[in-house]
Amino acid sequence: MSTETTKSVIVGTAGHIDHGKSALVEALTGTHPDRLAEEKRRGITIDLGFAFLEENGVRFGFVDVPGHERFVSNMLAGAAGIDVLLLVIAADESIKPQTREHFDICRLLGVQRGVVALTKSDLVDNDTLELVRLEVEEYLRGSFLEHAPLVPVSAKTGAGLSELKSALSNAAVNAAAKDAARHFRLPIDRAFAMKGFGSVVAGTLISGSVGAGDEVELFPGGERLRVRGVQSGGKTVERATPGQRTAVNLAGIEHTALKRGMVLAAPGKFRKTRRIDVRLELLNSARKMKQGTRVHFHAGTAETIAEVFFHGAKEALPGASVFANLKLQDELFVLAGDRFIVRQFSPVVTIGGGVVVDPLARRPMLRDTGRVKFLETLQRENDEETLAAMTERAILGLTFEEIVARTGWMENEIHVAARGLSAADRVKTVSAEPLVLVSGKLFEEVRKKIVEKVEKFQKENLLLPGISREDLRASLGKRVRTETFRAALDELVAQKKLEAPGELVKKAGSEIALLPEEAKAKEQIEAAFASAGLAVPSVTEVLARLAVEAKRAEKLLQILLREKNLVRVTQELIYHRQALAQLKEKVATYKKTKGNRISVLVFKELTGITRKYAIPLLEYLDRERVTRRAGDERVIL
Ligand SMILES: Nc1nc2c(ncn2[C@@H]2O[C@H](COP(=O)(O)OP(=O)(O)O)[C@@H](O)[C@H]2O)c(=O)[nH]1
Ligand SMILES: [Mg+2]
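The shown structure was predicted, so the numbers you read here are calculated from the model rather than taken from an experiment.

Examining the pattern of salt bridges
Part 1 of the argument: Enumeration over the complete set of coordinates arrives at 33 salt bridges.
Part 2 of the argument: As a salt-bridge pair, aspartate 338 and arginine 185 come within 2.8 Å of each other at their nearest N and O atoms. Taken as a pair, aspartate 338 in the loop between β22 (321-332) and β23 (339-344) and arginine 185 in strand β7 (residues 185-187) lie far apart in primary sequence, 153 residues in all. With respect to class, aspartate 338 is no different from arginine 185; both count as buried.
Part 3 of the argument: Measuring nitrogen to oxygen at the nearest pair gives 3.8 Å for the salt bridge that ties glutamate 460 to lysine 456. Remark: lysine 456 and glutamate 460 occur in helix α11 (residues 440-460); sequence separation between them is four residues, near one turn of the helix.
Part 4 of the argument: Salt bridges linked by common partners bring Asp277, Asp368, Arg371 and Arg393 together as one network.

Here's what the structure looks like:
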């Protein structure tokens, strides 16, 4: 191990009450971990205690837990972040109920390594010690502690302490370091006020880093808070990195609004949840669990009640490992990969635990037959497979934000996975920035729908040149994202299946086919307005003179308007494009020769029209920003 980088490791005690956990922590660190007056008076640990030790280049943070069965929920809050388990078994009592329960919990929480301390070795003779050693070895066979060192110690005489320290150091070397480069997450296990500082929260920093000046988000409430200062391992630091007990001084919030179970996290990235899909493992000692069973649920430092629904099964037998959907009574913040513990509703004993597979799950539905396969894919933890499976099931497509909230991945991880899938044509990137992914199947459906809608529209509106983009978009409904629509349309245009001139979309190569009498009528309409100049005839009058019936005449007029050869100035007044262009020229010439102000009267003289036409035309010029109204006059712009 390099000497310049100090490794930070959390050691958590576990074991039955009175087996000497707290005394051992004191013997190792010099700090007695019991903090509360009641704990000192009664001589038992009620809540979590903390102590620090630097040894062999490792910064140890000790979390000492209560052994009493009534305080297992406090124990759970402390067990959440531990790297190395210090399993404490008194040599004069051997394995007792909370030895088993705490050990089950640590195993279910995925703790990977640890050391066993056979405490109170001063109270027993060698034969007893050997007997206990054999019992413990037998008990741990097949578990993650099978090959862990068993160290006899005495907090009273100091025997075995240096062996225990080196055993802990060895375990620390092999402990996987928590990653400071990931998103910041600190499950809170304590909140208090400190004189002169204000609100402080503390917990084991499990991921990312935090420093003074950072903005953080408080879950589940979502409050954005500013970090005033940070302590790590009991010392003030610029930034706290993972694997240490971390205290964060927060601005802008009362300490009474903060409590155990809340989480501080990187702001704006995550979502709280009430429905999670999990892999649930039942202990052999548990009872058979039925659909809808209520259990106590613990994740990180949080605790709530959960209702259990099995995917693809009606019940789970002791020792089983199954996929389940948990409906949580309170909203929590968990990420995929987080471990949890479930305890029987009553009497309260630990019955199982597992790992969160999808933190933002939908409620279980019978017709959702693909869910188990989906969860199996997620559990394999291959980024590309996970992203492909998530995209497959996203009926609206998947946004960058959703991916972060569901996976906790970093930006570059998401982009790498998305690029890989796009290149292999397994998902469609319909927008690169911000990233939006849809499945190939969904994209093809949208393409197909677009072509169908355009064809249907053109069939029903033979005299119209195409459907407007807006109408086409609306015809697809809300279940198609705008990004998906745009990408699909662009692709259809690029492949020359559709054309999209201006605001119109039409089949490639389609032209309006007019019958000879329609073509003639269309010319007549245009000519009527072209020859009228500014004193235009009424629309009804023009259309009535044609040889085609009213409905077709109206459509021909629409074509001329769409082609912009005719322009609607008001509901009643339609002008030919040329007449309006000439008018604008006249006004421009007037400005050059006579100045930039013109009254209605002068405008009427200039154009030779009556008030009936003059006012709407001036308003039209205002809208076109050729003129601007100023009292009774117009300013020519
Ligand atoms: N003789 C002896 N007594 C011990 C030793 N360690 C702890 N004790 C005593 O055992 C009792 C329980 O210890 P404590 O650390 O509070 O146990 P915890 O409940 O596991 O934290 C206390 O009275 C301690 O003084 C030891 O190594 N030798
Ligand atoms: Mg204790």
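Once the structure has been displayed, the description carries forward.
Here's the deal with the coordination of the magnesium ion (ligand 2)
Part 1 of the argument: For the magnesium ion (ligand 2), the full set of protein donor atoms is Ser22 (OG) and Thr45 (OG1), at a range of 2.0 to 2.1 Å. Taken together, the residues span a long stretch of sequence, with serine 22 in helix α1 (residues 21-29) and threonine 45 in the loop between α2 (37-42) and β2 (49-55) at a distance of 23 residues. Of the two residues, serine 22 and threonine 45, neither departs from the other in class, the shared state being buried.

Let's talk about the site of ligand 1
Part 1 of the argument: Near ligand 1, the surroundings consist of 15 residues, among which Asp18, Lys21, Ala23, Asp122 and Ala155 are the closest.
Part 2 of the argument: Taking lysine 21, its main chain carries an N or O atom lying 2.8 Å from an oxygen atom of ligand 1.
Part 3 of the argument: Taking lysine 120, its side chain carries an N or O atom lying 3.0 Å from an oxygen atom of ligand 1.
Part 4 of the argument: About the coverage of ligand 1: the protein hides 75% of its 580 Å² of free accessible area.

Observations concerning unusual backbone geometry
Part 1 of the argument: Between serine 346 and proline 347 the backbone carries a cis peptide bond, its omega angle lying at -10 degrees.
Part 2 of the argument: The peptide bond linking glutamate 433 to proline 434 adopts the cis configuration, its omega dihedral lying at 0 degrees.
Part 3 of the argument: Relative to the helices and strands, proline 434 is located in the loop between β26 (427-432) and β27 (435-439).
Part 4 of the argument: Of note, serine 94 is a non-glycine position whose phi angle comes to about 60 degrees, a positive value.
Part 5 of the argument: Its relative accessible area of 7% is what places serine 94 among the buried residues.

What to know about the packing of aromatic side chains
Part 1 of the argument: One pass over the structure, following the stated rule, counts six aromatic pairs.
Part 2 of the argument: Ring centres of phenylalanine 103 and phenylalanine 144 lie 5.4 Å apart, and the angle between their planes is 15 degrees; this geometry places the pair in the stacked category. Taken together, the positions of phenylalanine 103 in helix α4 (residues 97-108) and phenylalanine 144 in the loop between α5 (126-140) and β6 (150-152) put the pair 41 residues apart, joining distant regions of the chain.
Part 3 of the argument: Judged by relative accessible area, phenylalanine 103 falls into the buried class, the value being 3%.
Part 4 of the argument: The exposure class assigned to phenylalanine 144 is partly exposed, which follows from its relative accessible area of 23%.
Part 5 of the argument: Counting every residue linked through ring pairs, the aromatic cluster contains Phe103, Tyr139 and Phe144.
Part 6 of the argument: Looking at arginine 185, its charged tip hangs above the ring of phenylalanine 333, at a distance of 5.5 Å from the centre.
Part 7 of the argument: Looking at arginine 393, its charged tip hangs above the ring of phenylalanine 374, at a distance of 4.7 Å from the centre.

Points about the sheet that holds strand β35 (residues 633-636)
Note on sheets: strands pair through backbone hydrogen bonds, and any given pair is parallel or antiparallel.
Part 1 of the argument: The strand order across the open sheet built from three strands is β33-β35-β34, with neighbouring strands paired in antiparallel fashion. Whereas interior strands pair on both sides, the edge strands pair on one side only; in this sheet they are β33 (597-599) and β34 (627-630). Looking at each pair of strands side by side, their axes are set apart by 35 degrees on average, direction ignored.
Part 2 of the argument: Here β33 pairs with β35 via three bridges, running antiparallel. The residue bridging arginine 597 from the neighbouring strand is valine 635, located in β35.
Part 3 of the argument: Sheet strands touched by helix α17 (residues 577-594): β33, β34 and β35. Its angle to β35, the strand with the most contacts, is close to 85 degrees.

Description of a negative patch on the surface
Part 1 of the argument: Side chains of Asp18, Asp92, Glu93 and Asp122 sit close together on the surface and give a patch of like negative charge.
Part 2 of the argument: Residue placement: glutamate 93 occurs in the loop between β4 (84-90) and α4.
Part 3 of the argument: Taking the relative accessible area as the measure of exposure, glutamate 93 reaches 39% and is therefore partly exposed.

Observations regarding helix α7 (residues 371-379)
Part 1 of the argument: Inspection of α7 places Arg371, Phe374, Leu375, Thr377 and Leu378 among the buried residues, and these make up the whole buried set. Down the axis of α7, the smallest arc covering the buried residues is 155 degrees, so these residues share one side.
Part 2 of the argument: The secondary structure elements touched by the buried residues of α7 are β17 (273-282), β22, β24 (350-358), α8 (383-392) and α9 (400-407).
Part 3 of the argument: Positive phi shows up at glutamate 381, right after α7, with a value of about 55 degrees.

Considerations on the environment of lysine 594
Part 1 of the argument: On the secondary structure map, lysine 594 appears in helix α17.
Part 2 of the argument: Assessed through its relative accessible area of 61%, lysine 594 is described here as exposed.
Part 3 of the argument: Once the C-alpha coordinates of lysine 594 and glutamate 163 are considered, the two residues, 431 residues apart in sequence, prove to be 105 Å apart.

Some remarks on the packing of helix α3 (residues 72-79) against α4
Part 1 of the argument: In contact at an axis separation of 11 Å, α3 and α4 are set at 35 degrees when each is read in the N-to-C sense. Judged by the sense of rotation from one axis to the other, the crossing of α3 with α4 is right-handed. Contacts between α3 and α4 involve Val72, Met75 and Leu76 from the first element and Glu101, His102, Ile105 and Cys106 from the second.
Part 2 of the argument: Residue composition of the contact of α3 with α4, by class: five nonpolar, one polar and one charged.

Comments concerning the pairing of β34
Part 1 of the argument: When β34 meets β35, the two strands line up antiparallel, connected through four bridges. Note on β35: the bridge partner recorded for alanine 630 is glutamate 633.
Part 2 of the argument: The hairpin turn running from β34 into β35, its antiparallel successor, is two residues long, and glycine 631 in that turn takes a positive phi close to 65 degrees.

Remarks on the sheet that holds β4
Part 1 of the argument: An order of β2-β3-β1-β4-β5-β6 is seen for the six strands of this open sheet, with the pairing classed as mixed. The open sheet has two free edges, formed respectively by β2 and β6, since each of these has just one partner strand. When strand polarity is set aside, the average angle formed by the axes of neighbouring strands in this sheet is 25 degrees.
Part 2 of the argument: Against the sheet, α4 touches β1 (7-14) and β4, its axis set at about 170 degrees to β4.

What to know about α11
Part 1 of the argument: Relative to the 30 Å expected for 21 residues at 1.5 Å per residue, α11 spans 30 Å between its end C-alpha atoms, a close match to the ideal helical length.
Part 2 of the argument: All of the buried residues in α11 are Leu442, Phe443, Val446, Arg447, Ile450, Val454, Phe457 and Gln458. The buried residues of α11 occupy one face: seen down the axis, they fall within an arc of 145 degrees. Structural note: α11 exposes Lys441, Lys448, Lys456, Lys459 and Glu460 on the side pointing more than 90 degrees away from its buried face.

About the cut-offs
- Residues numbered from 1 in each chain as written.
- Chains lettered and ligands numbered in written order.
- Predicted model: local features only at pLDDT ≥ 70, side-chain atom pairs only at ≥ 80, totals over all residues.
- Heavy atoms only, no water.
- Salt bridge = Lys/Arg side-chain N within 4 Å of Asp/Glu carboxyl O.
- Helix = DSSP H or I, 4+ residues; strand = E, 2+ residues; numbered from the N terminus.
- Buried < 20%, exposed > 50% of the residue type's maximum accessible area, 1.4 Å probe, protein only.
- Donors = N, O, S within 2.8 Å, 3.2 Å for Na, K, Ca; no water.
- Near = heavy atom within 4 Å.
- Polar contact = N/O pair within 3.5 Å; in protein donor to acceptor, adjacent residues only side chain to side chain.
- Areas by Shrake-Rupley, 256 points an atom, 1.4 Å probe, with all protein chains shown as cover.
- Phe/Tyr/Trp six-rings, centres within 6.5 Å; stacked < 30°, edge-to-face > 60°.
- Lys NZ or Arg CZ within 6 Å of the ring centre and 35° of its normal.
- Pairing = 2+ DSSP bridges.
- Axes fitted to C-alpha atoms, helices over the stretch in contact; angles between N-to-C directions.
- Contact = heavy atoms within 4.5 Å.
- Patch = residues over 30% accessible without salt bridge, like charges linked within 9 Å, V, L, I, M, F, W, Y side chains within 5 Å.
- Lys, Arg positive; Asp, Glu negative; His and termini not counted.
- Charge placed at Lys NZ, Arg CZ, Asp CG, Glu CD.
- Arc of directions from axis to C-beta.
- Left-handed = near helix turned anticlockwise from the far one by under 90°.
- Nonpolar A, V, L, I, M, F, W, Y, C, P; charged D, E, K, R; others polar.
- Expected span 1.5 Å × (residues − 1).

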